[in-house]
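Residue-level listing of the chains:
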Amino acid sequence: MVAMVPIMTVALYNAAFPSNVVEYEEREVIVQNGDTLWTIAKDAVGESEDVRQTIREIMTTNKLQDGTIHPGMSLKVRAIKE
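First, a word on scope: everything that follows refers to the structure included in this document. On a predicted model such as this, the values are computed, not experimentally measured, just so you know. (Residues numbered from 1 in each chain as written. Predicted model: local features only at pLDDT ≥ 70, side-chain atom pairs only at ≥ 80, totals over all residues. Heavy atoms only, no water.)

1. A closer look at helix α2 (residues 37–45)
(1) Moving on: Here α2 has its buried residues at Leu-37, Ile-40, Ala-41, Ala-44 and Val-45. Looking down the long axis of α2, one finds its buried residues gathered within 110° of arc, a one-sided arrangement.
(2) Moving on: Buried residues in α2 make contact with β1 (24–30), α3 (51–61) and β2 (74–80).
(3) Moving on: Looking one or two places after α2, you find Gly-46, whose phi comes out positive at around 60°. (Buried < 20%, exposed > 50% of the residue type's maximum accessible area, 1.4 Å probe, protein only. Helix = DSSP H or I, 4+ residues; strand = E, 2+ residues; numbered from the N terminus. Arc of directions from axis to C-beta. Contact = heavy atoms within 4.5 Å.)

Here you go:
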């Protein structure tokens, strides 16, 4: 009976505080016709993060002065690991 106390404590803790650790990876995205920073960022992080912050990260990482991108450009993007 005593041995079950730690096991139950861990189980209760995990149920109360689930670990939703999100893992990221760096991807190379080749800009296609019709792509915008918004669509690229949204594809990278979905609904889990503020897309505006991801756009800022993309601009900083790729040293973009403004939001102008062109087809064929290669962008480094931090994305949720699948």
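Further notes follow.
2. Concerning the packing of α2 against α3
(1) Moving on: Contact geometry of α2 with α3 gives a least axis separation of 9 Å together with a crossing angle of 110°. Viewed along their axes, α2 and α3 adopt a mutual orientation that is roughly perpendicular. In this structure, α2 uses Leu-37, Trp-38, Ile-40, Ala-41, Lys-42 and Val-45 to contact α3, whose residues at the interface are Val-51, Arg-52, Thr-54, Ile-55, Ile-58 and Met-59.
(2) Moving on: A breakdown of the residues in the contact of α2 with α3 according to their chemical character gives 9 nonpolar, 1 polar and 2 charged. (Axes fitted to C-alpha atoms, helices over the stretch in contact; angles between N-to-C directions. Parallel < 35°, antiparallel > 145°, perpendicular 65-115°, else oblique. Nonpolar A, V, L, I, M, F, W, Y, C, P; charged D, E, K, R; others polar.)

3. Considerations on the pattern of salt bridges
(1) Moving on: Under the defined criterion, the tally for this structure stands at 6 salt bridges.
(2) Moving on: For Arg-27, the salt bridge goes to Glu-25, with nearest N and O atoms at 3.0 Å.
(3) Moving on: The exposure class of Glu-25 is partly exposed, given its relative accessible area of 29%.
(4) Moving on: Between Arg-78 and Glu-49 there is a salt bridge, with the nearest N and O atoms lying 3.1 Å from each other. One end of the pair, Arg-78, is in strand β2; the other, Glu-49, is in the loop between α2 and α3, and 29 residues separate them in sequence.
(5) Moving on: Note on Arg-78: relative accessible area 28%, which makes it partly exposed.
(6) Moving on: Look at the salt bridges and you will find they share partners, linking Glu-25, Arg-27 and Glu-82 into a network. (Salt bridge = Lys/Arg side-chain N within 4 Å of Asp/Glu carboxyl O.)

In short, geometric facts, not functional conclusions.
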